[in-house]
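Given next are the chains, with one letter for each unit.
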Amino acid sequence: MLTIEQATYDAIVAHAKRDHPDEACGVVAGPAGTDRAERFVEMVNAAGSPTFYEFDSTDLLELYKEMDERDEEPVVIYHSHTATEAYPSRTDIGLAMEPGAHYVLVSTREHGNNEGPVEFRSYRIVDGEVTEEPVSVVGALPC
């Protein structure tokens, strides 16, 4: 199960809506080995595409250096789908290289960047196997 703070959930949704009609992407880092999604890191979709996302390689390298210095790991890797459901595509599955991460997808297909609900779902993707998991949105992460 993914447990995520309301503020982080809101930040991910806001990023997805703001970047619509292009896909948004980012990471929520947390202390290594804890599964605590604590530090929201909005990334730029270097592909600038409504159907594909790609982390800028320089930005991603800097993020991993920073996480290493802070003894963090990517707890959540998120991106949006702008015209399809919040389910990993074959490309998404092929790019999933962090077996311990929660892969969050947000679909903005219904309302785009306007007011209205989004589809927010989380998955574990290990060795090409996709498993959906429940999402618990909380006021604050438990200590």
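Residues numbered from 1 in each chain as written. Predicted model: local features only at pLDDT ≥ 70, side-chain atom pairs only at ≥ 80, totals over all residues. Heavy atoms only, no water.

*Asks:* Describe helix α2 (residues 57–69), naming the residues involved and giving the relevant values.
*Replies:* With 13 residues, α2 extends 18 Å between its outermost C-alpha atoms, agreeing within 8% with the 18 Å of an ideal straight helix rising 1.5 Å per residue. Directly after α2, the chain includes Asp 71, whose backbone phi takes a positive value near 55°. (Helix = DSSP H or I, 4+ residues; strand = E, 2+ residues; numbered from the N terminus. Expected span 1.5 Å × (residues − 1).)

*Asks:* Summarise the sheet that holds strand β6 (residues 119–126); cite the residues concerned and give the values.
*Replies:* Across the sheet, six strands lie side by side as β3-β2-β4-β5-β6-β7; this open sheet has mixed pairing. Of all the strands in the sheet, just β3 (39–43) and β7 (129–133) have a single pairing partner and so form its edges. The sheet shows a mean angle of 30° between the axes of neighbouring strands, direction not considered. Pairing of strand β2 (residues 25–31) with β3 involves five bridges; the strand directions are antiparallel. Within the sheet, the bridge partner assigned to Val 27 lies in β3 and is Val 41. Lying on the sheet, helix α1 (residues 6–19) is in contact with β2, β3, β4 (72–81), β5 (102–107) and β6; it crosses β3 at an angle near 5°. Each of β2, β3 and β4 touches α2; the most contacted strand, β3, lies at about 165° to it. (Pairing = 2+ DSSP bridges. Axes fitted to C-alpha atoms, helices over the stretch in contact; angles between N-to-C directions. Contact = heavy atoms within 4.5 Å.)

*Asks:* Describe the nonpolar core, with residues and values.
*Replies:* Counting 18 residues, the largest nonpolar core has Met 43, Phe 55, Leu 63, Ile 77, Tyr 103 and Ile 125 as its most contacted members. Where this core is concerned, the elements lending two or more residues are β2, β3, α2, β5 and β6. Of all the elements, β2 adds the most residues to this core, at three residues. Within the second largest apolar cluster, 14 residues are counted, among which are Ala 16, Val 28, Ala 37 and Val 118. (Core = buried A, V, L, I, M, F, W, Y, C linked by side-chain atoms within 4.5 Å. Buried < 20%, exposed > 50% of the residue type's maximum accessible area, 1.4 Å probe, protein only.)

*Asks:* Break down α1 for me, citing the residues and quoting the values.
*Replies:* The first and last C-alpha atoms of α1 sit 20 Å apart over 14 residues, in line with the 20 Å expected at 1.5 Å per residue. Regarding α1, the residues found buried are Thr 8, Ile 12, Val 13, His 15, Ala 16 and Lys 17. Taken together, the buried residues of α1 touch β1 (2–5), β2, β3, β4, β5 and β6.

*Asks:* Describe the pairing of β5, and please don't skip the residues or the numbers.
*Replies:* Within β5, six of the six residues are buried, which leaves the element mostly enclosed by the surrounding structure. For β4 and β5, the ladder comprises six bridges, and the chain directions are parallel. Residue pairing for β5: His 79 is matched across the bridge by Leu 105. With five bridges connecting them, β5 and β6 associate as antiparallel partners. Across the sheet, the residue bridging to Tyr 103 is Tyr 123, located in β6.

*Asks:* I'd love a proper account of unusual backbone geometry, names of residues and values included.
*Replies:* Note that the residue after His 20, namely Pro 21, is joined by a cis bond; omega there is 20°. Along the polypeptide, Pro 21 turns up in the loop between α1 and β2. One non-glycine residue with positive phi stands out, namely Asp 35, at about 60°. Within the fold, Asp 35 resides in the loop between β2 and β3. Under the relative-accessibility criterion, Asp 35 is labelled partly exposed at 33%.

Keep in mind these numbers describe shape, not what the thing actually does.
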